[in-house]
Amino acid sequence: MSAPTVSVARPPAGARRRKQRRRAWRLVRRTAQYATLIAGGLAMMIPFLWMLSTSLKTRVEVFSSAPFSFPTGLHWENYTNMWFALPGVTFGTFFQNSLFIASMATIGQLITCSMAAYAFAVLEFRGRHILFALILATLIIPFQVVLVPNFVLYRYLPWPFSDSGNWIGTNLPLWVWAFFGGAFGTFLLRQFFLTIPSDLADAARVDGANPWQIFLRIYVPLSRPALATLAIFQFMWSWNDLLDPLIYLRDLPTYTTTVGLAFFQGEYIGNWPAMMAGALVSLLPMIILFLIAQKYFVRGIAISGLKG
Amino acid sequence: MASNTVKPVRLAVARLGSALPGIRRAGVSSVTRAHPRRGPRAGEARWALLFLAPTLIGLAVLSAGPILATLAISLTSWDMLTPPKLVGLDNYVNLLGDARFLTALRNTFFFTAVSVPLGLVLALGLAVAVNQHIRGIAVIRTMYFLPLVTSSTAIAIVWLWIYSPTGLLNHAVAVLGISPQRWVTDPTLAMPSIIAMATWQELPVNVIIFLAGLQGIPSDYYDAASVDGAGRLARFRYVTLPLLTPSIFFTGILALIGAFQVFDQIYVMANPGKPGGATITLVYFIYESGFRNFHMGLAGAASWILFLIVAVFTILYFRTQNRWVHYQ
């Protein structure tokens, strides 16, 4: 930015003029810098802005007006139309379904990943390195490879309340897995646990605490930022997932927001205002979450480099 | 197979530890305490088993086991209604003669080969641009980071509208005197259009990783370079770039694996009954043959081919790191 400048003794008047010129030059440069950064940021935002502007126009307006013209009126009815567009369900149902699945998956991951991470970071046992490497290996394996056998597995797991008599058509396959550990969460939390000084655990151990107590009373409370990061990521992944809900959910009332939106898109081809309203509404919860918890997102990625 | 993947991954883990400044301290090899048999820590193995029980069950039932199961299923003909019939390698042979599969394969490679380098270069530039300590930079960064949290489904719908015949892009190119294009339905334009969209969406992740890397470079290095008379470009070339190679390596592997798995955008953009299927990818093919047409054997075989491709590319990629990645 400001390179160190070599100052040589000069007559006072010249020095003042130089200083002024330098200050002016810096102002110009700063302004250009801001302008470039903000222009780039707005360019990144174009799809969002266009989504918003389209969602408030009428269908006729969308095709007749200039692309970035302001809508003639704010046609909020696109939102209500979209919300009630599908027979028998509203987008509220999809939201509820997504919220339930994402919450359950998040809870499951928080519990089981933190337990596994604790074992890998703190406990000593034979085969720890190999096992941890094995867990990490699953991070690199494309999950589609297990798609078919998992589908078969869930098809044989009985469930009395579903039409099929098994887990297909229910939301169970979308969150029960989360109660059986996960590579990302284990990796993320282990890295964090390793930064907690082992003196704390040693002291507690001398006082007669068992590993479970050390885990619950020392590691969990001290790891709130890392747990928050994991929670936010898992919530986001579950909320945004398309492939799994598409495979397992069969009836409209059980759809998640993403599947509902994709279905809606298939039904309303050409109705861009309604579709943009739907897309925007489906994105809103995550955007709000991001604005509130941006630092956890950024930290999580910086530490683990994962998004999914 | 599992044992074959372990070795490069252990290497990966060892490298990962030093790839990012925040976790360097916590590298795998740094924890090499003895295993006391007696004393206060005796019996920890039993505790470990307790803590790891859910994970171990998950590993066996939901990931490691199913990988082998996929292999077994790929050797059968199975529609899930009648019992599976063993057919040997027929599914693999059939796939190699299946025009739709070959299209999916070609598209997946094309998508990966273009989107990964493109995404990395753009993200690098952007990261350098937003790595400034100026007032309001947090707000500016938020604008760049926003695509991060969006679902590819909703985003693909928005871009479908941008690319539509009356959409934004055609308005934009009209200014340049270019006639309206069919960005998504024209077979030659479809993949580039999808790549542009995916690159836009993936940009923030890469930027954030690069930013973390940039902020981990000690400012002394820049000062020293400046004293030696290095200009802005030289500092980037000889300080920033070499010290950022671990981040670039790391982002590269994630982008590579992610690119091979592209599905959501394809589903939204290619799904609505487009006959040619110009943009189907490998994962879309797996979804289609397994869960639309119920050829589980075929889907299994395609999954294994995907797995092998990712494994081979991951290993090859790790092999190259000695040549260009500099760890401090």
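In this text the structure is predicted, and so the values were computed from the model without any measurement.

Criteria and cut-off values
Residues numbered from 1 in each chain as written. Chains lettered and ligands numbered in written order. Predicted model: local features only at pLDDT ≥ 70, side-chain atom pairs only at ≥ 80, totals over all residues. Helix = DSSP H or I, 4+ residues; strand = E, 2+ residues; numbered from the N terminus. Rg over C-alpha atoms; globule rule 2.2 N^0.38 Å. Buried ≥ 20, exposed ≤ 12 C-beta atoms within 10 Å, placed from the backbone. Contact = placed C-beta atoms within 7 Å. pLDDT = per-residue confidence, 0-100. Domains from an automatic or database assignment. Nonpolar A, V, L, I, M, F, W, Y, C, P; charged D, E, K, R; others polar. Arc of directions from axis to C-beta.

Colleague: Please clarify how the overall build of chain A should be interpreted in this entry.
Modeller: A count of helices and strands for chain A gives 14 helices and 0 strands. Traced from its N-terminal end to its C-terminal end, chain A shows the element sequence α-α-α-α-α-α-α-α-α-α-α-α-α-α. In summary, chain A has a C-alpha radius of gyration of 27 Å against a globular reference of 19 Å for 308 residues, an excess of more than 25%. If one aligns the C-alpha atoms of chain A with their principal axes, the spans along those axes are about 90 × 70 × 30 Å. Counting the 308 residues in chain A, one finds 44% classified as buried. Long-range contacts, defined as pairs at least 24 residues apart, comprise 70% of the intrachain contacts of chain A with a sequence gap of at least 6.

Colleague: What is the right way to read the confidence of the model for chain B from this model?
Modeller: Detailed reading of the predicted coordinates is not advisable wherever pLDDT is low. Residues with a pLDDT of 70 or more make up 85% of chain B, whose mean pLDDT is 83. Within the model, pLDDT remains below 50 along residues 1–37 of chain B, and this stretch shows 57 contacts once partners closer than five positions in the same chain are excluded.

Colleague: What's the story with the domain arrangement of chain A in this structure? I'm lost.
Modeller: Residues and elements named next belong to chain A. For chain A, the domain assignment lists domain 1 (12–55) and domain 2 (79–304). Its C-alpha centre places domain 1 at a distance of 40 Å from the equivalent point of domain 2. Among the residues forming the side of domain 1 that touches domain 2, the class breakdown is 2 nonpolar, 2 polar and no charged.

Colleague: Mind showing me how you'd approach the interface of chain A and chain B here?
Modeller: On the chain B side, the residues contacting the 82 residues of chain A number 86 residues. No other element matches helix H14 (residues 272–304) of chain A, which puts 16 residues into the side of chain A that touches chain B. Of the residues belonging to the side of chain A that touches chain B, the class tally is 59 nonpolar, 19 polar and 4 charged.

Colleague: Teacher, can you tell me more about helix H5 (residues 137–145) of chain B here?
Modeller: For an α-helix, the turn length of 3.6 residues means that residues three or four places apart are oriented alike. What H5 of chain B keeps buried is the set Arg141, Tyr144 and Phe145 of chain B. Projected down its long axis, H5 of chain B carries its buried residues within an arc of 90°, all on one side.

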